[in-house]
Amino acid sequence: MQGPDELYTLLDRLGIEYEYAEHPAAPTIAIAKQFWVGTNSKHCKNLFFRNHKGNQHYLVLLDCDCDMDIHAIEKQLHQGKLSFASPERMMKYLGVTPGSVTPFGLINDKEHHVHVFLDKNLKQYDRISFHPCINTASLAIARADLVKFLDYMGNPYEWMEVY
């Protein structure tokens, strides 16, 4: 599995500038918010789901202040009944542990199995941030660079309307 060091190398190779902020472990948004004071980016809540059959996996990137429940997400994604993916599935497809889910984990999804859904509300922010495959740091990047990263990774992705 590739981790933060490989991620930083890839971001550098793609010409994606990032602002690195180290902090204590922040496995939840509630904990992480206390470390984000003074940063110049919108932070994201990243949720990893599987479908009922367990043969499809979805990474959902939301504004961290969004309080959307799983049933609302199911209706929005039109992918049937969803449940949170297990720690084993997180490791298998994203190379991360619970509390560290991030789109940067797509560096470990060589078969492009994970489908990504992005909250359209994130389009209003110039910079957004995510964990770099570990929850003891955050990386802020330009929103356009997230799209560049996703295009490079090759995973299917789409923007969705969050209500």
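Scope of this entry: the structure provided in the associated data block. (Residues numbered from 1 in each chain as written. Predicted model: local features only at pLDDT ≥ 70, side-chain atom pairs only at ≥ 80, totals over all residues. Heavy atoms only, no water.)

**Looking at the pairing of strand β2 (residues 42-51)**
- The buried fraction of β2 amounts to 9 of the 10 residues, a majority that puts the element mostly inside the structure.
- Pairing of β2 with strand β6 (residues 127-130), which is carried by 2 bridges, proceeds in the parallel orientation. Of the residues in β6, the one forming a bridge with Lys42 is Ile128.
- One ladder, built from 7 bridges, connects β2 with strand β3 (residues 57-63); its direction is antiparallel. What sits directly across from Leu47, in β3, is Val60.
- Connecting the antiparallel pair β2 and β3 is a turn made up of 5 residues, with Gly54 showing a positive phi of about 80 degrees.
- Two strands pair when backbone bridges link them, and β2 and strand β4 (residues 82-84) are joined in this way by 3 bridges, in the antiparallel orientation. Counterpart to Phe49 in the pairing with β4 is Phe84. (Buried < 20%, exposed > 50% of the residue type's maximum accessible area, 1.4 Å probe, protein only. Helix = DSSP H or I, 4+ residues; strand = E, 2+ residues; numbered from the N terminus. Pairing = 2+ DSSP bridges.)

**Description of unusual backbone geometry**
- Here His112, not a glycine, exhibits a phi torsion of approximately 55 degrees, which is positive.
- By the secondary structure assignment, His112 is in the loop between α4 (87-94) and β5 (114-119).
- One non-glycine residue, Cys133, lies in the positive phi region at around 75 degrees.
- With respect to the helices and strands, Cys133 occurs in the loop between β6 and β7 (137-142).

**Some details on the packing of aromatic side chains**
- Across all of its chains, the model carries 6 aromatic pairs by this definition.
- Consider the rings of Tyr8 and Tyr18, whose centres lie 5.6 Å apart with planes at 25 degrees: the pair is stacked. Separated by 10 residues along the polypeptide, Tyr8 in helix α1 (residues 4-14) and Tyr18 in the loop between α1 and β1 (19-22) bring together distant segments of the chain.
- In this structure Tyr8 comes out as buried when scored by relative accessible area, which is 15%.
- With a centroid separation of 6.0 Å and 45 degrees between ring planes, the pair formed by Tyr58 and Phe117 is classed as tilted. Of this pair, Tyr58 sits in strand β3 while Phe117 is found in strand β5, placing the two residues 59 residues apart along the sequence. The two residues Tyr58 and Phe117 agree in class, both being buried.
- Each member of the aromatic cluster is reached from another via a ring pair, and the members are Tyr8, Tyr18 and Tyr20. (Phe/Tyr/Trp six-rings, centres within 6.5 Å; stacked < 30°, edge-to-face > 60°.)

**Digging into the packing of α1 against helix α5 (residues 143-153)**
- At a closest axis distance of 11 Å, the pairing of α1 and α5 adopts a crossing angle of 105 degrees. Looking at the two axes, α1 sits roughly perpendicular to α5. Across from Leu7, Leu10, Leu11, Arg13 and Leu14 in α1, the residues of α5 making contact are Lys148, Phe149, Tyr152 and Met153.
- The residue inventory of the contact of α1 with α5, partitioned by class, reads 7 nonpolar, no polar and 2 charged. (Axes fitted to C-alpha atoms, helices over the stretch in contact; angles between N-to-C directions. Parallel < 35°, antiparallel > 145°, perpendicular 65-115°, else oblique. Contact = heavy atoms within 4.5 Å. Nonpolar A, V, L, I, M, F, W, Y, C, P; charged D, E, K, R; others polar.)

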